[in-house]
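Chain residues, written in single-letter form:
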Amino acid sequence: AFDNRRASDAIFLDESRVIAVVGECTLGYSLRVYDIRERSNVSRPTWVAKVHSGNEARCLDLLEDNVRIATGGTDGTVSVVDIRTRGCSADLPAHHDEITCMAVENPRRRALVTGCKDGSVKIWDARTLLLLDTINNAHAPTRHFLSGGGFGGLMATHGVTSVCLSDRSLVTGGGDGVVRIWGPGWGDGMQSL
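Just so it is clear, the structure is predicted and the values come from calculations on it, not from any experiment.

(A) The overall build of the chain, seen in detail. Summing up its helical and strand segments, the chain has 0 helices and 18 strands in all. For the chain, the residues scored as buried account for 42% of the 193 residues in total. Nonlocal contacts in the chain, meaning residues at least 24 apart in sequence, comprise 33% of its contacts between residues at least 6 apart.

Spelled out as structure tokens, the structure:
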């Protein structure tokens, strides 16, 4: 999908035939859509879209209307792509650092949650994309190092690494090694695993 570069996330846009993939790219087309029924051209995308003003996208999900894809970028924005026009319809400032994960609420699909490298989590209305809530410092940003053999050095910094939202609770995972379950009011009944 991205030659020798990173593919960061993928989702099905239908039951099992059309997939959307985001990753690192050279020309700014970080969102690529493939129809895997077309076996002869499966290595070529059916269509591409430039998101995050040409910066890399790291995560994506299909919004509640099933015609818009939201992507989270390394520049901290959420881009919205309309499947019908195959173009980016909005680039929204969301976080001050890289968006590392996102998910749509299950089962109603009314909200979108984004997690950031700086440790924050934001919850958005999936229809209007208005900000509903913010949890600052949900996870402490941590640095992971590789050492040994003279090749030691900073490998990556992680804050929030995974999110899952239901109509009753929010689950977040972090680079700090902690999984948190957030109840109503987000601060109430928080449990750490």
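From this point, things continue past the structure.
(B) Representation of the nonpolar core in the model. By size, the foremost hydrophobic cluster in this structure holds 15 residues, and its most contacted members are Leu13, Ala20, Leu31, Leu60, Ile69 and Val81. Breaking this core down by element, the ones donating at least two residues are strand 2 (18-23), strand 3 (31-35), strand 4 (47-49) and strand 5 (57-62). Among residues more than four places away in sequence, those in contact with Val81 are Leu31, Trp47, Ala49, Val51, Val67, Arg68, Ile69, Arg86, Gly87, Cys88 and Ser89. Within the second largest apolar cluster, 13 residues are counted, among which are Cys101, Ala103, Ile123 and Ile135.

(C) Summary view of the pairing of strand 10 (residues 111-116). Counting buried positions along strand 10 gives 6 out of 6 residues, so the element sits mostly inside the fold. Across 5 bridges, the pairing between strand 9 (residues 99-104) and strand 10 is antiparallel. Bridge pairing links Ile99 to Cys116 in strand 10. The hairpin turn running from strand 9 into strand 10, its antiparallel successor, is 6 residues long, and Arg109 in that turn takes a positive phi close to 65 degrees.

Conventions adopted
- Residues numbered from 1 in each chain as written.
- Predicted model: local features only at pLDDT ≥ 70, side-chain atom pairs only at ≥ 80, totals over all residues.
- Heavy atoms only, no water.
- Helix = DSSP H or I, 4+ residues; strand = E, 2+ residues; numbered from the N terminus.
- Buried < 20%, exposed > 50% of the residue type's maximum accessible area, 1.4 Å probe, protein only.
- Contact = heavy atoms within 4.5 Å.
- Core = buried A, V, L, I, M, F, W, Y, C linked by side-chain atoms within 4.5 Å.
- Pairing = 2+ DSSP bridges.

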